[in-house]
Amino acid sequence: MTVTIYGIKNCDTMKKARGWLDGRGTAYRFHDYKAEGIDRARLERWCAELGWETVLNRQGMTFRNLPDAEKQDLTTEKAIALMLKQPSMIKRPVLEAGGKLLVGFKPELYEAEFGA
C-alpha cells in the first residue's frame, strides 16, 4: 500500500503522526506543503471527498489572521483558493493510504487503518 502524509515539517501534530508511523515501521512518503506546495487537482479531490470544511484549518493562526472579508461567505472555490495561496491553512496531517483519506491525527484512526 502506498502511503503519503501531507503537512508541514515542524508542526507538532505532524511530528506525532510521523512518529506513530515510524514506530510501527510503516513506510510512507512525506510531502511538505512549504517545500513542495499542493496542486489544485489534489486539493479539489480532498474537498470533494471530505468537504472543504474538513480540509480547511480555521483554528490556525494563518486563517485567523486573515482579514474578516476573506474569512466570510466561504465557498468551496474560495476555500480552495485560500489553501492554494497559503498551504498552512490545510489541516494537518492529511494521510492518503490505499485509497483512503484521513485528516488530522488520532491514534485510534491510524490504528484502525494500519493495525498494531
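Structure first, text after, so check above.
Overview of the structure. (Residues numbered from 1 in each chain as written. Predicted model: local features only at pLDDT ≥ 70, side-chain atom pairs only at ≥ 80, totals over all residues. Heavy atoms only, no water.)

1. Observations concerning the environment of alanine 79
Here is step 1: Of note, alanine 79 is situated in helix H7 (residues 76–85).
Here is step 2: According to the relative accessible area criterion, alanine 79 is buried, its value standing at 0%.
Here is step 3: Considering only alpha carbons, one finds alanine 79 and cysteine 47, 32 residues apart in sequence, at a separation of 9.2 Å. (Helix = DSSP H or I, 4+ residues; strand = E, 2+ residues; numbered from the N terminus. Buried < 20%, exposed > 50% of the residue type's maximum accessible area, 1.4 Å probe, protein only.)

2. Re helix H8 (residues 107–114)
Here is step 1: Restricting attention to buried positions, one finds in H8 the residues Tyr110, Glu113 and Phe114. One face of H8 carries all of its buried residues, which in axial projection span an arc of 80°. Seen from the buried face of H8, the exposed residues on the opposite side, beyond 90 degrees, are Glu108 and Ala112.
Here is step 2: On its buried face, H8 sits against strand E1 (3–7), helix H1 (12–23), strand E3 (94–97) and strand E4 (100–103).
Here is step 3: Just downstream of H8, glycine 115 is the residue with a positive phi angle, here 75°. (Arc of directions from axis to C-beta. Contact = heavy atoms within 4.5 Å.)

3. Here we look at the packing of aromatic side chains
Here is step 1: Applying the stated rule across the entire model yields three aromatic pairs.
Here is step 2: Ring geometry for tryptophan 20 and tyrosine 110: centres 5.6 Å apart, planes at 85°, overall edge-to-face. One end of the pair, tryptophan 20, is in helix H1; the other, tyrosine 110, is in helix H8, with 90 residues separating them in the sequence. In terms of burial, tryptophan 20 and tyrosine 110 fall into one category: buried.
Here is step 3: Arranged with centres 4.8 Å apart and planes meeting at 85°, the rings of phenylalanine 105 and tyrosine 110 form a pair that is edge-to-face. The same class applies to phenylalanine 105 as to tyrosine 110, namely buried.
Here is step 4: The aromatic ring of phenylalanine 30 is capped on one face by arginine 18, whose charged end is 4.0 Å from the ring centroid. (Phe/Tyr/Trp six-rings, centres within 6.5 Å; stacked < 30°, edge-to-face > 60°. Lys NZ or Arg CZ within 6 Å of the ring centre and 35° of its normal.)

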